[in-house]
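Structural overview for review
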Amino acid sequence: MNQHDVLQEPFAAPGSPEYDEATAVFNLAAPARPNEAVTVRTVDEVRAAVREATERDLPVRVHTTGHASGARPPVDRGLLIRTRIDGGVEIDTERRLARVPAGTTWGEIVAAAAPHGLAAPHGSAAHVGVVGYLLGGGVSFYGRHTGLAANSVRAIELVTADGALVRTDADNDPELFQALRGGGGGFGVVTAVEVELFPVAKVFTGATYWSAAHARPLLAAWRDWARNAPRNATTSLRVMNLPPVPGVPPALAAGPVLCVDGVVFAATPEEVSAAQRDAAELLGALRAIAEPLLDTWALTDAAGVLEAHMDPADPVPFIGDHLLLTELSDEAAEAFLAVVGEGSGSPLVVATLRQLGGAFADPDPRGGVLNQVDAAFAYMGSGPPFGPVTVEDLEAHCLKVRVALEPWNTGTTVPSLVEGADRPQRHLDADTVAAVDRVRARIDPRGRFAGDIAPGATAAG
Ligand SMILES: Cc1cc2nc3c(=O)[nH]c(=O)nc-3n(C[C@H](O)[C@H](O)[C@H](O)COP(=O)(O)OP(=O)(O)OC[C@H]3O[C@@H](n4cnc5c(N)ncnc54)[C@H](O)[C@@H]3O)c2cc1C
């Protein structure tokens, strides 16, 4: 049997619907334009695709949803493999494990786990792909309890450059298992992951929006609460310039708004009242400052968390940036609002501060080469090049924010939060980069997947 018997069709070329399907990306500002592309639905198809690429000496890139298409070097040649592996999510309730084929999105895991009283370390949007998020660390709305989401991965299966299917975990090639989680990619095509789940009885989740005119006292109160917040609470604060489009409540599109959203969860029914008290402490302090425009916080189950943040559901073009911040002093808060707040002229639709600390800061011996985040807050800001706003305007503003926040910039990043391939990023020290490079040289000696390596994640540059 040759490759094409397994693959059903040969690789697709530009102009065909199969090519369009395999190259579709969420970030429309960073389209993928490989010479050839293929959507793979079984492990055998992955193996056949990799073998054929090796035979024809094609460089190979891999993606799932293309949420991070702007964060990696452009896909502009070779073969792009899109993973859409069949099978669906399997939940092992006894071991609290989800087995997840590559191509799965977080919404699918949450839906499968919630009926069992279990939750997954997902981020803000249901449509983000599980594999790319986990390989890049994963900053979850449960993260102050679970740490980086990649720490919850218990096994990874991948097809390597020689076409072999490898299963790696704490006992089987632990160096590869570690390097895959935070190492920056370029090891092969992941076909499945196993992720540890955790019990959640109820969550208190939602978002409250105010006019950005009240941004200063709201930001100070949120920051003060965050300093001593309990670990069952993970929140974010966003300054948003929402466009008047269908789906956006008119009150939120009338001018810049400030939003505080997130999760306070109870692992058991006995902890529900304490979680409600924890949430009331934060929200009470904020609501006393000014009347909200919209307030959606409510007690619900784990599936409700994915509704709270209200990320765009459909692909959009966006240009953005990410920094990790040491602290949010009064000066830092002032600097942040001066470049993204009311009257700043910011073209960013959203400028986010994610609360870190708690378990994010704890090195996890079961994690990968990136197993903690040494920063108090993560900044992410982005906007679409629409109407009068150009790509250059957005890039210039990203730089302006960088300059303003430089005194509090750790100089490091979390790979899953990086938004621009050509903006500075670093998440590993030089010794760890060298160790990861040694694993790559062993697993992919000819560099078949070298184009997939995140900028800064290899000593080769
Ligand atoms: C609306 C939105 C909300 C987000 N929210 C969060 C959040 O809350 N927390 C957070 O941490 N991040 C968040 N992100 C960022 C997101 O985690 C990253 O973009 C992540 O890379 C998405 O993974 P993906 O597989 O969907 O993306 P893709 O762009 O498809 O993949 C990204 C990279 O992962 C690798 N990869 C993907 N699939 C495979 C595979 N099968 N085998 C080998 N390598 C593979 C490749 O190197 C690829 O370049 C968000 C992004 C968006 C656009």
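Sequence order as written defines the numbering, with residues in each chain counted from 1. Local features in this predicted model are restricted to residues whose pLDDT is 70 or higher, and side-chain atom pairs enter the listing and the counts only when it is 80 or higher, whereas totals over whole chains, interfaces and linings include all residues. The side-chain numbers reported here are obtained from all heavy atoms of the structure, hydrogens and water having been left aside.

Naming follows an unreviewed UniProt entry, where the protein appears as FAD-binding oxidoreductase of Streptomyces litmocidini. Taken from UniProt, the Cofactor (unreviewed entry) comment for the protein reads in full: "FAD". UniProt positions are given in the numbering used here, feature names are shortened, and annotations may be inferred rather than shown by experiment.

Focus on the overall build of the protein
A helix here means a DSSP run of H or I that spans at least four residues, while a strand means a run of E at least two residues long, and both kinds are numbered starting from the N terminus. Secondary structure summary: the protein contains 14 helices and 18 strands in total. For this measure, only C-alpha atoms enter the radius of gyration; the expected value for a globule follows 2.2 Å times N^0.38, where N is the number of residues. At 22 Å, the protein has a C-alpha radius of gyration in line with the 23 Å of a compact globule built from 461 residues. Burial here depends on accessible area, computed with a 1.4 Å probe over protein chains only, as a share of the maximum for the residue type. Under 20% is buried, over 50% is exposed, and the range in between is partly exposed. Within the protein, buried positions represent 56% of all 461 residues. Contact between two residues is taken to exist if any of their heavy atoms lie within 4.5 Å; hydrogens are not considered. In the protein, 75% of the contacts between residues at least 6 apart in sequence involve partners at least 24 apart. Counting only carbon and sulfur atoms, one obtains 53% of the accessible surface of the protein, whose full area is about 18500 Å². Measuring between centres, the 36 positive side-chain charges of the protein sit 2 Å from its 57 negative side-chain charges. Using a 1.4 Å probe, the Shrake-Rupley method yields the accessible areas, and only the shown protein chains count as cover for residues. As used throughout, the charge tally considers Lys and Arg to be positive and Asp and Glu to be negative, leaving His and the chain termini uncounted. Charged side chains are reduced to one point each, which is NZ for Lys, CZ for Arg, CG for Asp and CD for Glu.

Some words on the pairing of strand β18 (residues 377-383)
Most of β18 sits inside the fold, with seven of its seven residues counted as buried. Burial along β18 is two-sided: F377, Y379, G381 and G383 facing one way and A378, M380 and S382 facing the other are all buried. With seven bridges connecting them, strand β16 (residues 319-325) and β18 associate as antiparallel partners. Paired with L324 across the bridge in β18 is A378. For two strands to be treated as a pair, DSSP must find no fewer than two bridges joining them. In this structure, strand β17 (residues 350-355) lies alongside β18, joined through six bridges in antiparallel fashion. The partner of V350 across the bridge, within β18, is S382.

Points about the site of the ligand
The local shell around the ligand holds 33 residues, among which T64, T65, G129, R354 and S416 are the closest. Each polar contact in these results corresponds to two N or O atoms within 3.5 Å; when the atoms are within protein, one needs to be able to donate a hydrogen and the other to accept it, and residues that are neighboring in sequence are counted only if both atoms are side-chain atoms. A distance of 2.9 Å separates an oxygen atom of the ligand from a polar atom in the side chain of R72. Contact distances for the ligand include 3.3 Å between an oxygen atom and a backbone N or O atom of Y133. The set of elements that each furnish at least two residues to the shell around the ligand consists of β2 (60-63), α5 (130-135) and β9 (189-196). In terms of residue count, the dominant contributor to the shell around the ligand is α5 (four residues). Put simply, a residue is near a molecule or strand once any heavy atom of it comes within 4 Å of that molecule or strand.

Looking at the packing of helix α8 (residues 215-227) against helix α12 (residues 330-340)
Running from amino to carboxyl end, α8 crosses α12 at an angle of 135°, the nearest separation of the two axes being 11 Å. What the angle tells us is that α8 and α12 run oblique. Pair α8 / α12 crosses with right-handed handedness. Counted together, A215, R216, L219 and R223 of α8 and D330, A333, E334, F336 and L337 of α12 form the full contact between these two elements. Each axis is a line fitted through C-alpha atoms, taken for helices only over the stretch in contact, and angles between the N-to-C directions span 0 to 180 degrees. Throughout, the term roughly parallel applies to angles under 35 degrees, roughly antiparallel to angles over 145, roughly perpendicular to angles from 65 to 115, and oblique to all others. In this scheme, a crossing is called left-handed if the near helix is turned counterclockwise away from the far one by less than a right angle; it is called right-handed if the turn is clockwise.

Things to note about the domain arrangement of the protein
Along its sequence, the protein is organised into domain 1 (12-83), domain 2 (90-198 + 428-443) and domain 3 (201-417). Two parts placed together each lose some accessible area under a 1.4 Å probe, and the buried area is that loss summed for both. Taken together, the two surfaces of domain 1 and domain 3 that pack against each other cover about 550 Å², and 70% of this comes from carbon and sulfur. We count a salt bridge whenever a side-chain nitrogen from Lys or Arg sits within 4 Å of a carboxyl oxygen from Asp or Glu. Put simply, domain 1 and domain 3 have zero salt bridges between them. At the junction of domain 1 with domain 3, the criterion picks out three residue pairs in polar contact (both at pLDDT 80 or more). Just so you know the grouping, Ala, Val, Leu, Ile, Met, Phe, Trp, Tyr, Cys and Pro go in nonpolar, Asp, Glu, Lys and Arg go in charged, and all remaining residues, Gly too, go in polar. Looking at the side of domain 1 that touches domain 3 residue by residue, the class counts come to four nonpolar, two polar and no charged. Domain ranges listed in this record stem from an automatic or a database domain assignment.

Quick notes on the pattern of salt bridges
Counted according to the given criterion, the structure contains 23 salt bridges. Ionic pairing is found between D452 and R61, a salt bridge with its closest N-O pair at 2.9 Å. Of the two residues, D452 is situated in the segment after α14 (430-443) and R61 in strand β2; the sequence distance between them amounts to 391 residues. Here R223 ties to D330 by a salt bridge, and the two come within 3.0 Å at their closest N and O atoms. Of the two residues, R223 is situated in helix α8 and D330 in helix α12; the sequence distance between them amounts to 107 residues. Overall, the relative accessible area of 7% leaves R223 in the buried class. In this structure D330 comes out as exposed when scored by relative accessible area, which is 52%. Ionic contacts of the salt-bridge type, sharing partners, join the residues R99, E157, R167 and E194 into one network.

Some points on the UniProt feature "domain: FAD-binding PCMH-type" (unreviewed entry) in the protein
Using the residue numbers shown here, the UniProt feature "domain: FAD-binding PCMH-type" (unreviewed entry) corresponds to residues 30-200. Along residues 30-200, the helical share is 22% and the strand share 27%, with 37 Å between the first and last C-alpha atoms.

What about the sheet that holds β2?
With parallel pairing, three strands are arranged side by side in an open sheet as β1-β3-β2. The sheet terminates laterally at β1 (36-40) and β2, the two strands that pair on one side only. Strand after strand, the sheet turns through a mean of 20° between neighbouring axes, direction not considered. One ladder, built from four bridges, connects β2 with strand β3 (residues 79-83); its direction is parallel. By the bridge assignment for β3, H63 is matched with R82.

Structural notes on the sheet that holds strand β8 (residues 165-169)
For sheets, the rule is that strands pair by backbone hydrogen bonds, running either parallel or antiparallel. With antiparallel pairing, five strands are arranged side by side in an open sheet as β4-β5-β9-β7-β8. The open sheet has two edge strands, β4 (90-92) and β8, and neither has a second partner. Mean inter-strand twist for the sheet, computed between neighbouring axes without regard to direction, equals 15°.

Some thoughts on the nonpolar core
Remark: nonpolar core denotes a set of buried residues (Ala, Val, Leu, Ile, Met, Phe, Trp, Tyr, Cys) joined through side-chain atoms within 4.5 Å. Core analysis: the biggest nonpolar cluster contains 59 residues, and I81 and L134 have the highest contact counts within it. Not counting residues within four places of it along the chain, the set of residues in contact with L134 comprises W106, A149, A150, V153, V193 and V195. Counting 45 residues, the second-largest nonpolar core is a separate cluster that includes W225, W297, L323 and A335.

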